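Observations on chain architecture
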Amino acid sequence: MSGTTMKYAAKTGKKGAGKLLAGLLCAAVAVGGFGVWRAYSAEQARLAAEAEAAARAEAVAAAAVAYTQEQNAFADLVEDGLAAESMNASELSKTFHDQWEERRQAATANTSTGGTGWVSPATGVFNASAYGYSGADQISYWKGINSDVVGWLRVPGTNINWPIVQNVYDINYYTHLGYDKQYSYNGVIWTNPTTQTSASASGLSSNTVIYGHNWTNYSASPRIGYSGDVMFAQLTGYHWLSMAQSYPYFYYSTAEGGEFTVKIFACFYTELAFNYIASEGDMNYIISEARRRSRHSFDVDVDASDKIVTLSTCTRAYGKTSNQRFVVMGRLLRPGESVGPVTVTANPGHKQPSVW
């Protein structure tokens, strides 16, 4: 190698080393900067997570305070409020405020009409004009909306005039659903999965049990006939003797074409331990126990050979516990019987429920 060439190589090597050193310095700065950036990003993420957690905790605390306030405002609905915990906060709030508005309207009506609130349809005298229409002609329309429709219930003297639905797998399926199978607070009128329907009485269950919600008329002194009480909320009007005397029958119809008049023989409060909801079984026991518990004595002959129809709803007449129901029980009219006055008297010695 010539001297010139050696000088050039040495010079080039120095330049290369400088560039290499500069590159290494830049890389070190870059790595250091990346580390700083990573640390900064991690800190930002931590702060964001803490802020989100704090916001969530604050929201939960605020919701808890609001929920407690609502519970205090509606102490007698605590059980039902707890049952609605699956609802989100806005739905729960709307539910309670709907209740408040219904109560406000009822109180306003009560004040504006001198304490009567509304004109009760129950006079204590049999109301023959209320009978003659069962509602069965509406079944086909509603079955087109919901194929689970299996019948129709109409209770004269009340606004209970609804299709009956049945889920054959789950008795609780319709607890929070409407006839469109979407969430509904008031819900539907439904029956047991085991209920047998038929065009003829012989094909019915021994005891057809029908349920409906009562969110507004569950006190120990229920109203009769207030329009704001919907689904089964007017059923508790049968607490009163005058209601039983005025309207001692109701109609039950089936999708198969059965159209039945039901003669009431018991109206009572019960704890859940009394298995009055059995579709089959010892009907003599169920009948005798229902009559022992009935607030009224009905001059109606009934035995295990009869087909029973039972209407059941919630109440808080005996306090805040959910272990209580109000029940109206009747039997199908027998061949040769017709709708007419029924002797109904008070039954002061009726059996009280053991709700605790």
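Quick note: structure is the one above.
Report follows, based on the coordinates. (Residues numbered from 1 in each chain as written. Predicted model: local features only at pLDDT ≥ 70, side-chain atom pairs only at ≥ 80, totals over all residues. Heavy atoms only, no water.)

Quick notes on the overall build of the chain
Each helix and strand in the chain was counted, giving 6 helices and 10 strands. When the 356 residues of the chain are sorted by exposure, 43% land in the buried category. Partitioning the intrachain contacts of the chain with sequence separation of at least 6 by distance along the chain shows that 65% fall at a separation of at least 24. (Helix = DSSP H or I, 4+ residues; strand = E, 2+ residues; numbered from the N terminus. Buried < 20%, exposed > 50% of the residue type's maximum accessible area, 1.4 Å probe, protein only. Contact = heavy atoms within 4.5 Å.)

A look at the nonpolar core
Ranked by size, the top nonpolar core spans 64 residues in total, and within it Leu 153, Tyr 238, Leu 311 and Met 329 carry the most contacts. Here the element with the most residues in this core is strand β6 (residues 259-270); it accounts for 8 residues. (Core = buried A, V, L, I, M, F, W, Y, C linked by side-chain atoms within 4.5 Å.)

Focus on the environment of Met 243
Here Met 243 is to be found in helix α5 (residues 241-246). The class of Met 243 is buried, set by a relative accessible area of 1%. Residues Met 243 and Gly 225 lie 18 residues apart in sequence; the distance between their C-alpha atoms is 9.7 Å. When residues no more than four places from it in sequence are discounted, the contact partners of Met 243 are Ala 122, Pro 156, Gly 157, Thr 158, Ile 224, Gly 237 and Tyr 238.

Things to note about the packing of aromatic side chains
In total, this model carries 17 aromatic pairs according to the counting rule given. When the centroid spacing of 5.9 Å and the interplanar angle of 90 degrees are considered together, the rings of Tyr 141 and Trp 142 count as edge-to-face. Judged by relative accessible area, which is 56%, Tyr 141 ranks as exposed. Judged by centre distance (4.5 Å) and plane angle (20 degrees), the rings of Tyr 185 and Trp 215 are stacked. Linking Tyr 185 in the loop between β2 (161-165) and β3 (189-191) with Trp 215 in the loop between β4 (207-211) and α5, this pair joins segments that are 30 residues apart in sequence. Side by side, Tyr 185 and Trp 215 carry an identical accessibility label, which is buried. Cluster of aromatic residues (ring-pair linked, three or more members): Phe 126, Tyr 131, Tyr 249 and Tyr 251. (Phe/Tyr/Trp six-rings, centres within 6.5 Å; stacked < 30°, edge-to-face > 60°.)

Side note on the sheet that holds β3
Pairing within the closed barrel is mixed, and its 8 strands lie in the order β1-β2-β3-β4-β8-β9-β6-β5. Strand after strand, the sheet turns through a mean of 30 degrees between neighbouring axes, direction not considered. Each of β4, β6, β8 (308-314) and β9 (325-332) touches helix α6 (residues 283-293); the most contacted strand, β6, lies at about 60 degrees to it. (Pairing = 2+ DSSP bridges. Axes fitted to C-alpha atoms, helices over the stretch in contact; angles between N-to-C directions.)

Quick notes on the environment of Ala 201
Secondary-structure assignment places Ala 201 in the loop between β3 and β4. For Ala 201, a relative accessible area of 30% corresponds to the partly exposed category. Separated by 133 residues in the primary sequence, Ala 201 and Arg 334 have C-alpha atoms spaced 9.9 Å apart. Not counting residues up to four positions away in its chain, the partners in contact with Ala 201 are Phe 260, Lys 307 and Leu 332.

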